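Residue strings, one per chain:
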Amino acid sequence: MIDKIYCADVQPDMEGKRVKLAGWVYRKREVGKKVFIVLRDSSGIVQTIFKKELSEEAYAEAKKVGIESSIIVEGTVKADPRAPTGVEIQADKIEVVQNVDFFPITKDASEEFLLDVRHLHLHSPKVASIMKVKATMMQAAREWLLQDGWYEVFPPILVTGAVEGGATLFKLKYFDRTAYLSQSAQLYLEAAIFGLEKVWSLTPSFRAEKSRTRRHLTEFWHLELEAAWMDLWDIMKVEEELVSYMVQRTLELRRSEIETFRKDLTTLKNAVPPFPRVSYDEAIDILQSKGVEIEWGEDMGADEERILTQEFEAPFFVYGYPKGIKAFYMKEDPEDPRKVLAADMLAPEGYGEVIGGSQREDSYDKLVQRILEEGMKPEDYEWYLDLRKYGSVPHSGFGLGLERLVAWVLKLDHVRWATLFPRTPSRLYP
Ligand SMILES: NC(=O)C[C@H]([NH3+])C(=O)NS(=O)(=O)OC[C@H]1O[C@@H](n2cnc3c(N)ncnc32)[C@H](O)[C@@H]1O
Ligand SMILES: [Mg+2]
């Protein structure tokens, strides 16, 4: 590793100090016998200036480099309020690691082109900021999970059955058998609670969703928790404490990055417990009062959720969904057999569902009945049903879509910008 410092380390109080930096040419302009290069690295930018009278050789080299060329620069720090970061490097040495004559991404690049060259788009400081925020949100999640006594586990991705419906399974050949890519680690987390009680995992989940919406990917990062002895109300408290910590901690550590995407931080600051809670029944009433054509028993899609979020200035829960629109594993509401003990967390500002969660059916017979009601085969879930035969306990859990949460925090117009290499029905490359 070369002995260098980062752009963000260069401060006006280092005036006169000799420094070495390495990075990429972010901006370049020539004025008379001077070349100004704004150098970019993972920490940010700093202006460097190459004057002919200071070093003819370095000046000649600097004149030749193109945008996004990789370079190593040495020079002396000079405070200058006119420079982008209030300081610049009076450069007298440059090593061109690789010159770039023409970088394909220009200011007017279309979104589709940026996705076609996503491997080059990752040079962008804005993209880097999104990835820093995503990383910090997971750092915060890990901090909270550790202090609250949750065990990380590492479930399989190659599985034999559906969790969230057979229609969105990706099927693959597994030697002489059929396997699927995991839609959710949930069922395996439910097995893990008998030894660890409170478990979590971060895995890629796969959904062969044909819906081309701004919140669907075919591969997304799924943060899932499962806990023994917890009911729906307990797990909702876990959800709001975890999400609140993730958002507030990320506001603390990545405020400057967040503010390059949104100026109004109100809804983020409002993300503190208790989050508002509305029943599905109340949600239907609200939507109908706003002229939305929706009947009790129907699912809320992205459009309905967008309208519902207009009623809130913070993440909120919708709970008590009809059994007919929810998954087989959800526990029937003992007070209303039409409903299940399920709750989604919706993000405000039109973003909608970021978490799906529920209390699980812990009775063997009722779970078999639900599997049959859903047209599935109990024999395909024999191991999962065993969990209800050997010391079954009340338990609950949820799944958080990390890209969806990041998209809300940064007010991105599509979840695809929140992932390194987005996977959608039309995009599998690069
Ligand atoms: N352990 C659990 O209880 C999780 C449960 N089995 C589950 O998968 N629920 S979910 O289908 O609502 O998905 C959970 C979340 O996963 C996200 N999700 C779900 N599907 C997607 C797609 N296609 N793209 C991006 N994000 C997605 C979204 O935020 C959902 O709220
Ligand atoms: Mg859901």
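The name that an unreviewed UniProt entry assigns to the protein chain is Asparagine--tRNA ligase, with the source organism given as Thermococcus camini. Recorded in UniProt for the protein chain, the comment headed Sequence similarities (unreviewed entry) runs: "Belongs to the class-II aminoacyl-tRNA synthetase family."

Q: What's the story with the site of ligand 1 in this structure? I'm lost.
A: Ligand 1 sits among 22 residues. The nearest are Glu164, Gln186, Arg207, Glu224 and Glu353. One of the side-chain nitrogen or oxygen atoms of Arg207 is found 2.7 Å away from an oxygen atom of ligand 1. One of the backbone nitrogen or oxygen atoms of Phe398 is found 3.3 Å away from a nitrogen atom of ligand 1. Calculation on ligand 1 without its partners gives an accessible area of 630 Å², and the protein chains cover 94% of this total. At the level of secondary structure, the elements contributing two or more residues to the shell around ligand 1 comprise β11 (219-228), β17 (352-359) and β18 (395-401). If one sorts the elements of the shell around ligand 1 by residue count, β17 sits on top with four residues. Its residues assigned to classes, the shell around ligand 1 shows seven nonpolar, seven polar and eight charged.

Q: Teacher, can you tell me more about the nonpolar core here?
A: Considering soluble globular proteins, one finds that nonpolar side chains tend to be buried as a cluster. If you look at the biggest cluster of nonpolar residues, it comprises 55 residues, and the most contacted ones within it are Trp150, Leu223 and Met246. Broken down by secondary-structure element, the contributors of at least two residues to this core are α4 (125-147), β11, α6 (232-253), β16 (342-347), β17, β18 and α13 (402-410). Ranked by residues supplied to this core, first place goes to α4 with 10 residues. Ignoring any residue separated from it by four or fewer positions in sequence, one finds Trp150 in contact with Trp144, Leu145, Lys198, Val199, Trp200, Leu225, Glu226, Ala227, Met230, Ile235 and Val238.

Q: What should I look at first to understand the layout of surface pockets in this one?
A: If you add up the space inside the second largest pocket, you get close to 850 Å³. Lining the second largest pocket we find 28 residues, and of these Ile105, His121, Ser124, Pro125 and Lys126 sit closest to its centre. Counting only elements with at least two residues in the lining of the second largest pocket, the list comes to β1 (18-31), α2 (111-116), α3 (118-121) and α4. Ranked by the residues each element gives to the lining of the second largest pocket, the list is headed by α4, at five residues. By residue class, the composition of the lining of the second largest pocket is 14 nonpolar, six polar and eight charged. The two domains that each donate at least three residues to the lining of the second largest pocket are domain 1 (7-98) and domain 2 (115-417).

Q: Please clarify how the sheet that holds β18 should be interpreted in this entry.
A: Hydrogen bonding along the main chain pairs the strands of a sheet, whether they run parallel or antiparallel. The sheet built from eight strands is open, its strands ordered β6-β10-β11-β18-β17-β16-β13-β12 with mixed pairing. If you trace the sheet from one side to the other, it starts and ends with β6 (151-152) and β12 (277-279), each paired once. Looking at chain direction, β17 and β18 are connected through five bridges and run antiparallel. By the bridge assignment, Gly357 is partnered in β18 with Phe398. Against the sheet, helix α9 (residues 280-289) engages β12 and β13 (316-319), with an angle of about 85 degrees to β12.

Q: So what exactly am I meant to see when it comes to the sheet that holds strand β2 (residues 34-41) here?
A: Spatially, the five strands close up into a barrel ordered β1-β2-β3-β5-β4, and their pairing is mixed. Sheet twist, expressed as the mean angle between neighbouring strand axes with direction ignored, is 55 degrees. Here β2 pairs with strand β3 (residues 44-51) via eight bridges, running antiparallel. Its bridge partner being in β3, Asp41 is matched across the sheet by Gly44. Here helix α1 (residues 56-64) sits on the sheet in contact with β1, β2, β3 and β5 (87-98), set at roughly 70 degrees to β5.

Q: Would you mind showing me how to read α6 here?
A: The terminal C-alpha atoms of α6, which comprises 22 residues, lie 31 Å apart, in line with the 32 Å expected from a rise of 1.5 Å per residue. The N-cap of α6, judged by a side-chain oxygen 3.0 Å from the amide nitrogen of Trp233 a few residues on, is Asp231.

Q: I keep staring at the environment of Leu268 and nothing clicks. Help me out?
A: Turning to its location among the elements, Leu268 is positioned in helix α8 (residues 266-269). When neighbours within four sequence positions are excluded, Leu268 is seen to be in contact with Val247, Gln248, Leu251, Ile258, Arg262, Trp408 and Val409.

Q: So what exactly am I meant to see when it comes to the packing of aromatic side chains here?
A: For any two aromatic rings, the description comes down to two numbers: the centre-to-centre distance and the angle of the planes. Taken as a whole and assessed by the stated rule, the structure comprises 11 aromatic pairs. Aromatic side chains Phe328 and Tyr381 sit 5.4 Å apart centroid to centroid with 55 degrees between the ring planes, which places their arrangement in the tilted category. Here Tyr381 lies in the loop between α11 (364-373) and α12 (382-386) and Phe328 lies in the loop between β13 and β14 (332-333), a separation of 53 residues in the sequence. When its relative accessible area of 6% is taken as the criterion, Tyr381 is described as buried. Feature note: the residues Tyr188, Phe328, Tyr329, Tyr381, Trp383 and Tyr384 constitute an aromatic cluster, connected by ring pairs. One cation-aromatic arrangement involves Lys326 over Tyr321; the distance from NZ or CZ to the ring centre is 4.2 Å.

Q: When you look at the packing of α4 against α13 in this model, what are you seeing that I'm missing?
A: A packed helix pair is summarised by two numbers, namely the angle formed by the two axes and the spacing between the axes. Interaxial distance between α4 and α13 falls to 10 Å at its minimum, and their mutual angle equals 120 degrees. Between α4 and α13, the interaxial angle falls into the category oblique. In this structure, α4 crosses over α13, and the sense of that crossing is right-handed. Residues Ile130, Val133, Lys134, Met137 and Met138 of α4 form the contact with α13, whose own contacting residues are Leu402, Glu403, Leu405, Val406, Val409 and Leu410. Classifying every residue of the contact of α4 with α13 gives nine nonpolar, no polar and two charged.

Criteria and thresholds
Residues numbered from 1 in each chain as written. Chains lettered and ligands numbered in written order. Predicted model: local features only at pLDDT ≥ 70, side-chain atom pairs only at ≥ 80, totals over all residues. Heavy atoms only, no water. UniProt positions renumbered as here; feature names shortened; annotations may be inferred. Near = heavy atom within 4 Å. Polar contact = N/O pair within 3.5 Å; in protein donor to acceptor, adjacent residues only side chain to side chain. Areas by Shrake-Rupley, 256 points an atom, 1.4 Å probe, with all protein chains shown as cover. Helix = DSSP H or I, 4+ residues; strand = E, 2+ residues; numbered from the N terminus. Nonpolar A, V, L, I, M, F, W, Y, C, P; charged D, E, K, R; others polar. Core = buried A, V, L, I, M, F, W, Y, C linked by side-chain atoms within 4.5 Å. Buried < 20%, exposed > 50% of the residue type's maximum accessible area, 1.4 Å probe, protein only. Contact = heavy atoms within 4.5 Å. 1 Å grid on protein atoms, 1.4 Å probe; cavity = no way out; pocket = protein on both sides within 12 Å on 5 of 7 lines; lining within 4 Å. Points joined across faces, edges and corners; volume = space filled by probe spheres on them. Domains from an automatic or database assignment. Pairing = 2+ DSSP bridges. Axes fitted to C-alpha atoms, helices over the stretch in contact; angles between N-to-C directions. Expected span 1.5 Å × (residues − 1). Phe/Tyr/Trp six-rings, centres within 6.5 Å; stacked < 30°, edge-to-face > 60°. Lys NZ or Arg CZ within 6 Å of the ring centre and 35° of its normal. Parallel < 35°, antiparallel > 145°, perpendicular 65-115°, else oblique. Left-handed = near helix turned anticlockwise from the far one by under 90°.

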